[in-house]
Amino acid sequence: MWSKCCSSSTVVSGAPPSTTAVVIKPAEYAAHTSALLAELLPAYLDTDATAVVEGGAPETTVLLEQHFDHIFYTGNGTVGRIVMTAAAKNLTPVALELGGKSPVFVDRNADVTTVAQRLAQTKFANAGQTCVAPDYVLTDPDTATELQAALVVAIKGLFGEDPQTSDTYGRIINERHFDRLSALLGSGHTVTGGQTDRADTYIAPTVLADVRPDEPVMQEEIFGPILPILTVADLDEAIAFINDRDKPLALYAFTENNTTKRRLAAETSSGGLNFGLPMRHLAVPTLPFGGVGESGMGNYHGRYSIETFSHRKAVLDVPLS
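Residues numbered from 1 in each chain as written. Predicted model: local features only at pLDDT ≥ 70, side-chain atom pairs only at ≥ 80, totals over all residues. Heavy atoms only, no water.

Enquirer: So what's going on with the overall build of the protein? Which residues, and what values?
Expert: When you go through the protein residue by residue, the secondary structure sums to 9 helices and 15 strands. Relative to the 2.2 N^0.38 estimate, which gives 20 Å for 321 residues, the radius of gyration of the protein is 21 Å and therefore close to what a compact globule would have. Principal axes of the C-alpha set define a box for the protein whose edges measure 75 × 55 × 30 Å. For the protein, buried positions account for 47% of its 321 residues. The long-range fraction of contacts in the protein, counting pairs at least 24 apart against all pairs at least 6 apart in sequence, stands at 62%. Here the protein displays about 15900 Å² of accessible surface, and carbon together with sulfur accounts for 54% of that area. Distance from the positive charge centre (23 side chains) to the negative charge centre (37 side chains) of the protein: 4 Å. (Helix = DSSP H or I, 4+ residues; strand = E, 2+ residues; numbered from the N terminus. Rg over C-alpha atoms; globule rule 2.2 N^0.38 Å. Buried < 20%, exposed > 50% of the residue type's maximum accessible area, 1.4 Å probe, protein only. Contact = heavy atoms within 4.5 Å. Areas by Shrake-Rupley, 256 points an atom, 1.4 Å probe, with all protein chains shown as cover. Lys, Arg positive; Asp, Glu negative; His and termini not counted. Charge placed at Lys NZ, Arg CZ, Asp CG, Glu CD.)

Put into structure tokens, the structure is as follows:
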């Protein structure tokens, strides 16, 4: 019972009146992925136990009217509220994985070459369209200058001189999101990237510097290949900045300082916390994955998935004599 976190999906379990255990509703935006799931799952899973429903809002609305045992949704907060409202009518428990603006703190003593390589690899994977992608960077002014130069080199190393011709660099899922992301490119000033091609739904891997907190790129989850860098004086200011905003799905930090690590763990709230390598907690099956506050509720992966989709029923048998 799993759904890809980088496109809105819904998994609902315990669907009456049949014996179907799981109904999967893939995101209509990812049409090819949805069609492939509809083709492959019935071929390899028991169709009496699983079903795939394709479609858009009308189909989802009908599904949400049913009385399920549990609803699991990945996507954005707007639809998450719709899902939760519908679930409340039947007192159906939900797990919501909603993403958000996952910050990155870069300590002044961090190796910026390593930081840049790991940031570029994770931020620009799938053209930034992953729910746990690093959303923005917080660091001091001197480190920001060094990091900007290192990111230019790292991006070129990953995708070459022209990322549009790279066979490892993706495209934006549709024109609507291309237009949304293109409107964010005017924030700050462009260090590298910024090129767009609407016919190809291509946006170059882009780094923005001198970004202000009130600019458009900082008002919503980016979910695309744009990385803003904001400067803070120190760790105190970074923690205050993070805590002044919605709780993110993930918080990332590049630091070797144990005190800094302990403070970030104790003084901030996020779905997950990674030191040294963004996104990789998602691939560790022994760690729970999920959000908190605006970034969601509930968790899954490994045994946590079993617990999320199970009800622990207390059974007591007292002898009569």
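Enquirer: Go over helix 4 (residues 112–123), please, and point to the residues and values.
Expert: The first and last C-alpha atoms of helix 4 sit 15 Å apart over 12 residues, in line with the 16 Å expected at 1.5 Å per residue. Along helix 4, the positions that sit buried rather than exposed are Val112, Val115, Ala116, Leu119, Ala120, Thr122 and Lys123. Considering only its buried residues, helix 4 is in contact with strand 6 (103–106), strand 7 (136–139), helix 5 (141–159), strand 12 (226–231) and strand 13 (250–254). Here helix 4 starts with a cap whose side-chain oxygen sits 3.1 Å from the backbone nitrogen of threonine 113, and that cap is aspartate 111. (Expected span 1.5 Å × (residues − 1). Polar contact = N/O pair within 3.5 Å; in protein donor to acceptor, adjacent residues only side chain to side chain.)

Enquirer: Please give an account of the packing of aromatic side chains that cites residues and values.
Expert: Summed over the entire model, instances satisfying the criterion amount to 6 aromatic pairs. Judged by centre distance (6.0 Å) and plane angle (45°), the ring pair of phenylalanine 72 and phenylalanine 309 falls under tilted. Here phenylalanine 72 is found in strand 4 (residues 70–74), whereas its partner phenylalanine 309 is found in the segment after helix 9 (303–308), with 237 residues between them in sequence. A relative accessible area of 17% places phenylalanine 309 in the buried class. On the numbers, 5.8 Å between centres and 65° between planes, the contact of tyrosine 136 with phenylalanine 241 is edge-to-face. Placement of the pair is tyrosine 136 in strand 7 and phenylalanine 241 in helix 7 (residues 235–243), with a sequence separation of 105 residues. Of the two residues, tyrosine 136 and phenylalanine 241, neither departs from the other in class, the shared state being buried. One aromatic cluster is present, built from ring pairs that chain together Phe72, Phe289, Tyr300 and Phe309. Here the guanidinium or amino end of lysine 261 rests over the ring plane of phenylalanine 275, the centre of that ring lying 5.6 Å away. (Phe/Tyr/Trp six-rings, centres within 6.5 Å; stacked < 30°, edge-to-face > 60°. Lys NZ or Arg CZ within 6 Å of the ring centre and 35° of its normal.)

Enquirer: Which residues make up a nonpolar patch on the surface, and what values do they have?
Expert: Taken together, the side chains of Leu36, Leu40, Tyr44 and Leu45 present a nonpolar region at the surface, about 430 Å² in accessible area. Inspection of the secondary structure assignment puts leucine 40 in helix 1 (residues 31–44). (Patch = residues over 30% accessible without salt bridge, like charges linked within 9 Å, V, L, I, M, F, W, Y side chains within 5 Å. Salt bridge = Lys/Arg side-chain N within 4 Å of Asp/Glu carboxyl O.)

Enquirer: Can you break down unusual backbone geometry residue by residue, with the values?
Expert: Positive phi is not limited to glycine here, since threonine 201 has a value of about 40°. Secondary-structure assignment places threonine 201 in the loop between strand 9 (196–197) and strand 10 (202–203). On the accessibility criterion, threonine 201 (15% relative accessible area) is buried. Backbone geometry at histidine 301 places phi at a positive 95°, although glycine is not the residue there. Mapped onto the elements, histidine 301 comes out in the loop between strand 15 (296–297) and helix 9.

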